[in-house]
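Coordinate analysis (summary)
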Amino acid sequence: MNRKWKDAAHLIRPAVVFLAGLLIFLGLRSALVPSDFGKWGHYRAGALEEIRSKPLRYAGKETCAGCHVEQAGQWEAGKHARVACEACHGPAAAHAADFDKVKPARLDIASLCSGCHEKDAAKPSWFRQVASAEHSGGAGCEGCHQPHHPKL
Amino acid sequence: MTPVPGVEGFMYPNEVELQWSILIVLYPFITGLVAGAFILASLERVFRVKAVRPTYRLSLLTALAFLLVAPLPLQLHLGRPERSFEMFLTPHRSSAMAMFGFVYLWYLLVVLLAEIWLDYRADIVRMALTERGWRRWVYRALTLGSFNVSEASLRIDDRVGYAITVIGIPSAFLLHGYVGFIFGSVKANAWWSTPLMPVVFLFSAMSSGIAAVLLIYMVAMRLQRRPLDMDCADTVAKYLFYVFLSDFALELLDLVHRIYEADESFRSLDFMVHTRLWTSQVLIQILLGTCLPLALLAAVQLWKWSAPARTRIYWAAGFLTLVGIFAMRWNVVIGGQLFSKSYLGYTSYKLGLVTREGLLPSIALMLLPFGILWILIRLLPPWMGKEIPGHGASPATS
Amino acid sequence: MDTSRREWLTGAGKLFVLGFATAAGVETSGQASLNSGGYDVRKHYWAMTIDIEKCIGCGNCVRACEKENGVPEGFFRTWVERYEIKGADLEHPQVSSPDGGKHGFPPSNRADTKQFFVPKLCNHCQDSPCVQVCPVGATFDSPDGVVLVDESYCLGCRYCVQACPYGCRYIHPEKRTVDKCTLCYHRITRGLTTACCEACPTQARVLADLANPADPVHEFLRTNKVQVLKPHMATRPKVFYRGLDGAVR
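Okay, so let's go over this structure. Note that this is a predicted model, so its numbers are computed, not measured.

**Here we look at the overall build of chain C**
The number of helices and strands found in chain C is 7 helices and 13 strands. Among the 249 residues that make up chain C, the fraction classed as buried is 51%. Look at the contacts in chain C between residues 6 or more apart in sequence, and 64% of them connect residues 24 or more apart.

**Observations concerning the nonpolar core**
Residue and element names in this part refer to chain B. Val34, Ile210, Leu214, Val236 and Leu240 are the most contacted members of the largest nonpolar core, which totals 203 residues. With 17 residues, helix H1 (residues 22-45) is the single largest residue contributor to this core. Ignoring anything within four residues of it in the chain, the contact list for leucine 214 reads Ala233, Val236, Ala237, Leu240, Tyr314 and Gly318.

**A closer look at the interface of chain C and chain A**
The accessible area lost on association of the parts is a frequent measure of interface size. Contact residues are listed per partner, giving 42 residues for chain C and 32 residues for chain A. Among the secondary structure elements, those contributing two or more residues to the side of chain C that touches chain A are helix H1 (2-34), helix H2 (60-69), strand E6 (114-121), strand E7 (139-141), helix H5 (185-188) and helix H6 (195-199) of chain C. The greatest single-element share of the side of chain C that touches chain A, amounting to 4 residues, is contributed by H2 of chain C. Residues that form the side of chain C that touches chain A fall into these classes: 17 nonpolar, 15 polar and 10 charged.

**Section: unusual backbone geometry**
Only a minority of non-glycine residues have a phi that is not negative, and only a minority of peptide bonds are not trans. Residues and elements named next belong to chain C. Located in the positive-phi region is cysteine 184, a residue other than glycine, with phi close to 45°. Within the fold, cysteine 184 resides in the loop between strand E10 (178-179) and H5. Overall, the presence of 27 C-beta atoms within 10 Å leaves cysteine 184 in the buried class. One non-glycine residue, glutamine 203, lies in positive phi territory at about 55°. Relative to the helices and strands, glutamine 203 resides in the loop between H6 and strand E11 (205-209). The class for glutamine 203 is partly exposed, based on 13 C-beta atoms found within 10 Å.

**Section: the interface of chain C and chain B**
Listed per partner, the contact involves 37 residues of chain C and 31 residues of chain B. Broken down by secondary-structure element, the contributors of at least two residues to the side of chain C that touches chain B are strand E5 (94-96), helix H3 (129-133), helix H4 (159-163) and strand E9 (170-171) of chain C. Among the elements that line the side of chain C that touches chain B, the one with the most residues is H4 of chain C, at 4 residues. Of the residues contributing to the side of chain C that touches chain B, the split by class is 23 nonpolar, 10 polar and 4 charged.

**Topic: the pairing of E6 of chain C**
All names here are of chain C. With 7 of 8 residues buried, E6 lies mostly within the body of the structure. In this sheet, E6 lies alongside strand E4 (residues 78-85) in antiparallel orientation, the contact comprising 8 bridges. Looking at E6, one finds that glutamate 84 is bridged to glutamine 115.

Scoring rules and cut-offs
Residues numbered from 1 in each chain as written. Chains lettered and ligands numbered in written order. Predicted model: local features only at pLDDT ≥ 70, side-chain atom pairs only at ≥ 80, totals over all residues. Helix = DSSP H or I, 4+ residues; strand = E, 2+ residues; numbered from the N terminus. Buried ≥ 20, exposed ≤ 12 C-beta atoms within 10 Å, placed from the backbone. Contact = placed C-beta atoms within 7 Å. Core = buried A, V, L, I, M, F, W, Y, C linked by C-beta atoms within 7 Å. Nonpolar A, V, L, I, M, F, W, Y, C, P; charged D, E, K, R; others polar. Pairing = 2+ DSSP bridges.

This is the structure we're talking about:
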């Protein structure tokens, strides 16, 4: 029995090496796994807060209407009532946060209007669209239409 | 339709650029060689195929050399390689890829290193006592402090080694099979998604591993100016033939099944094979890389050839097999990304040269295992003097 | 023997109480984080409805998303496809998405084909294959139904990109991690709508909160025939399309 053990004793050594490695691994693991991992699922719970804290670029139409009351009133009564302010004016959260220093960009009305309203067979038939060459002979849209209240 | 460079038809905008490059072709190829080489070793150890004994230690060293290189293409490919340890910290149990770290470590430590240590122990002890200089310290470290090489202890080594090899066979299957599952379980990809994928990967892995060891064995004998053990070479080649034939049958089954069922993806995939994949799949993988080596190996089984003729056939068949299996990996990985998931278009793969995922790093990664193998062979010579070391034998006299 | 048993019981008892208290404490703090800054994740379950009959292919949504989220050039968190179908040939639609539809589409005046636009984005699937395959847990389902990416944890292995049947993921070229539509999580958790929905001039795209009984989505789902993309994949997407043609891939 003793003899047998002596002849198998060398097998302890790689086993010890393996075990030591395993313990080091477990130790490292407990140190390195983020503390909030696994709280609500297999992910780092802190990620939710990080993603939520990303900056806003679009303010949302309620914010615009908060200051630009007159334009908002016109717009609500007109055909563009479903088109949000920033859909044309672009992202305005920076402007809303510091309206004196940051102004929204000037708009290129011609391309803005035609982007939606240029006639195209793929656009749904209920949507008001015109072939601008026939419609106005190339004249600018704002000559006749007020964008906040476009119907003539 | 507005043309996008390299794209034919329509692809979802984010699909145009391939996600997995040649590095991801290399990884299954390398782990395939590992698994295959180990299976060849187990043929002798567990299934007592005495004839392949001369390749036993070489197979183990080959497996180790390739296994050490295996994680490198993956690391090079990751967007954030410095975070790869996260797979050990928080492995996601539903992800086949999360298995990688553990299966790899298990196979490296418990199977390969343990088996190599047990088989070489007698020689390591001898060299620890007889070598001089820095080599002496290397061998002394490898003995792990035990110098007991009595008959009884070596017999125990033999028994434990046998047990490890028995565990090692399913472990080798797992090491490479899970790679097949990584592809085969992606329902979004019609080219990859099939239950046959892990099995096909496994059989092609075994083919490539056996072919690699055959070639390395013939090269080693040539370099050492020793006569080739024809009995060994013939047996290895015979196993290569049967395994590769099985692999071919499985791949044909997948192909026939696809053609017959002709589901929504079929027309798109069929077109892709006939155009973008014609050279790599039909010409290189199937004709040159499978049919030709199978024909050569079949010829050896059917008719009598002289030893020099058989040797030349084995050189050709072995090399062609490796080309064919590499092409198979290429066609699976790259091919699976050349067509759109809308089945309406195709893109192209731009292989860089000196970029991180380019051709030159790939070649370097394929050459590296041979460099490591050379070091391993110098450190742990597979063939000591004239005798071929057996199992449980007393320290070989050199 | 008696003393040591008593000690053992006391010790075990203390541990038990401590463990229970800790668990309760964790539970409380866990709940506190679930409801932070007035937003309770347990009270929302986000989705989106898209009305194909209303989409005019203007590309506002693609531009707005790009500006809101800093989407890199050449990659898309949302995009618009134009379909052109001739007669009964549903198998071979002509589909295009020039730069994701970011600047609209070149005009088409063909009268002999059926044409329409299909906006696409991440479907925030309930059984998302992308979450299933992530090896480390960098992409996940939030408690309120949004599939998100933890960009400080992602390895960039691209497995999720392969697993997504809809092609909505990409690798951010600078961060080298995976990026995709977050349903403007930073906006919707503050009571705003997503950038794409804000910018849509016809309200073809509307954010939906399935957990809110007052949300118009319930009426929408009740009164319209809706479809999801690739239902056979069984990913249970949460982007519901009204007017989706059978030819849409």
